[in-house]
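Per-entry structural report
Chain by chain, the residues run as shown.
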Amino acid sequence: MSSQWNSGIHDRKLKEEICEIGRRVYNKGFAAANDGNISIRVGENEVLCSPTMICKGFMNPEDICAVDLDGNQIAGTRKRTSEILLHLAIMKERPDVKAVVHCHPPHATAFAVAREPIPQCVLPEVEVFMGEVPLAPYETPGGQKFADTVLPFLKGGTNTIILTGHGTVSFGKSLEDAYWKTEILDAYCKILLLSKQLGRINYFTENETRELLDLKQKLGFDDPRFHVEDCDLCGNSAFREGYTEGLPQQKAFEPAPSYPGYLQKPSSQPAAAPAGGNSDQLIKAITDQVMTALGQ
């Protein structure tokens, strides 16, 4: 077996790492009772995973089981989780993915339950490390139909998906990498909800967003906006082909301004507000600019 896979399904260090990530998930309140599941690919056709019906905060290496890429259990005394099919669908579609974490972080899951898209162009760390977070359609968890819901949203650069009415799934090159995406997303969703209580969120300008994406590209991170010619810069549209019932619409937050996609020519800067006017004139000028940007 290639050295890239360590020692496969018998690698105790990787089993201990699954247990450690399970403790983090549980201690952060991302998985109540037996919720959630964790996996890491350890061979060309072998995946270690957490078993069903076990609290992720109290797992031992002996509890970890193994499956092949078709979901057949090949090792372990405990039964594998039915939701491993979700993990395997991601790994088969994205060979670069080595680890997957599925759980129910409360702030992000609130967006999943409300079916509210995650706003973009608000926080630098999210733009650089995550980008657009798509919403996979709801399906009863556990079966292949549920696993297949994420397939339209796995283009290059995606690393986190909201599972509508359910929770989140994040993935990456290592278990810690996959877990960090969950933590970043839930912290961001908490910030959004707190900002809403204060009144509103503020979006970056087109230039500020482009600078963040330039930085992202320079750091070697991928993003769907680097590949989709005509997606809006901040408009949750890079995955529009996957939304068979139409793009998800923001209801809790004001929509982001409409900017040309990253691969398109930047738009001209909006005209300055009139000088010397009163506050009503200033508000009207700003509103007119926003409505023009939104194409209304």
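Just above, that's the structure.
Below is a short write-up of the structure. Think of each chain on its own: its residues are numbered from 1, step by step along the sequence as written. For a predicted model such as this one, the threshold for reporting local features is a pLDDT of at least 70, and the threshold for listing and counting side-chain atom pairs is 80 or more; totals across whole chains, interfaces and linings nevertheless cover every residue. Here the side-chain values reflect all heavy atoms present in the structure, with hydrogen atoms and water set aside.

**Topic: the side chain of N159**
Turning to its location among the elements, N159 is positioned in the loop between helix 5 (144-148) and strand 7 (160-163). Residue N159 is classed as buried on the basis of its relative accessible area, which comes to 12%. Polar contact criterion, stated in full: a pair of N or O atoms within 3.5 Å, where within protein one must be able to donate a hydrogen and the other to accept it, and residues adjacent in sequence count only if both atoms are side-chain atoms. For N159, the side chain forms a polar contact with the main-chain oxygen of F129, separated by 3.2 Å. Reaching out from N159, the side chain makes a polar contact with the side chain of T160 at a distance of 2.9 Å. By the criteria applied, helices consist of DSSP H or I runs no shorter than four residues and strands consist of E runs no shorter than two, each listed in order from the N terminus. The buried label goes to any residue with under 20% of its type's maximum accessible area, the exposed label to any with over 50%, and the partly exposed label to all in between, with areas taken from a 1.4 Å probe on protein chains only.

**A short note on the packing of aromatic side chains**
Any Phe, Tyr or Trp ring, taking Trp's six-membered ring, that has another such ring centre within 6.5 Å forms a pair; planes under 30 degrees apart are called stacked, those over 60 apart edge-to-face, and the others tilted. Taken as a whole and judged by the stated rule, the model has eight aromatic pairs. Judged by centre distance (6.5 Å) and plane angle (40°), the rings of F30 and Y179 are tilted. With a gap of 149 residues between them, F30 in the loop between helix 1 (12-27) and strand 1 (37-41) and Y179 in helix 6 (residues 175-198) connect regions that are remote in the sequence. Of the residues examined, Y179 reaches a relative accessible area of 1% and is grouped as buried. Consider the rings of F153 and Y243, whose centres lie 5.1 Å apart with planes at 50°: the pair is tilted. With F153 in the loop between helix 5 and strand 7 and Y243 in the loop between helix 7 (206-218) and helix 8 (279-293), this pair connects stretches of sequence that are 90 residues apart.

**Quick notes on the sheet that holds strand 1**
The criterion for strand pairing is that DSSP finds at least two bridges linking the strands in question. Spatially, the eight strands line up as an open sheet ordered 4-3-2-1-5-8-7-6, and their pairing is mixed. Strands with a single pairing partner mark the edges of an open sheet, and in this sheet they are strand 4 (73-75) and strand 6 (135-136). Strand direction decides the pairing type here: strand 1 and strand 5 (residues 99-103), joined by four bridges, are antiparallel. Pairing of I38 across the sheet is with V101, part of strand 5. In the packing of helix 1 onto the sheet, contacts are made with strand 1, strand 2 (46-49) and strand 5, and the angle to strand 1 comes to roughly 150°. Every residue pair with non-hydrogen atoms within 4.5 Å of one another is taken to be in contact. For helices, the fitted line uses only the C-alpha atoms of the stretch in contact; every axis is such a line through C-alpha atoms, and the angle between N-to-C directions lies from 0 to 180 degrees. Strands in contact with helix 6 are strand 1, strand 5, strand 7 and strand 8 (167-172); relative to strand 8, the strand with the most contacts, it is inclined by about 140°.

**Description of the pattern of salt bridges**
A pair is scored as a salt bridge if a Lys or Arg side-chain nitrogen falls within 4 Å of a carboxyl oxygen belonging to Asp or Glu. With the rule as written, the count across this model stands at 15 salt bridges. Note that E62 is salt-bridged to R12, the shortest N-O span being 3.0 Å. Remark: R12 occurs in helix 1 and E62 occurs in the loop between strand 2 and strand 3 (65-68); sequence separation between them is 50 residues. Across the pair K173 and D177 runs a salt bridge whose closest N-O atoms are separated by 3.9 Å. Given the relative accessible area of 14%, D177 is considered buried.

**Some details on the side chain of D11**
As for its position among the elements, D11 is in the segment before helix 1. No salt bridge is formed by the buried D11; the nearest opposite charge belongs to K13, separated by 7.3 Å. Separated by 3.0 Å, the side chain of D11 and the backbone nitrogen of K13 make a polar contact. A polar side-chain atom of D11 sits 3.2 Å from the main-chain amide nitrogen of L14. Positive charges come from Lys and Arg, negative ones from Asp and Glu, while His and the chain ends are left out of the count.

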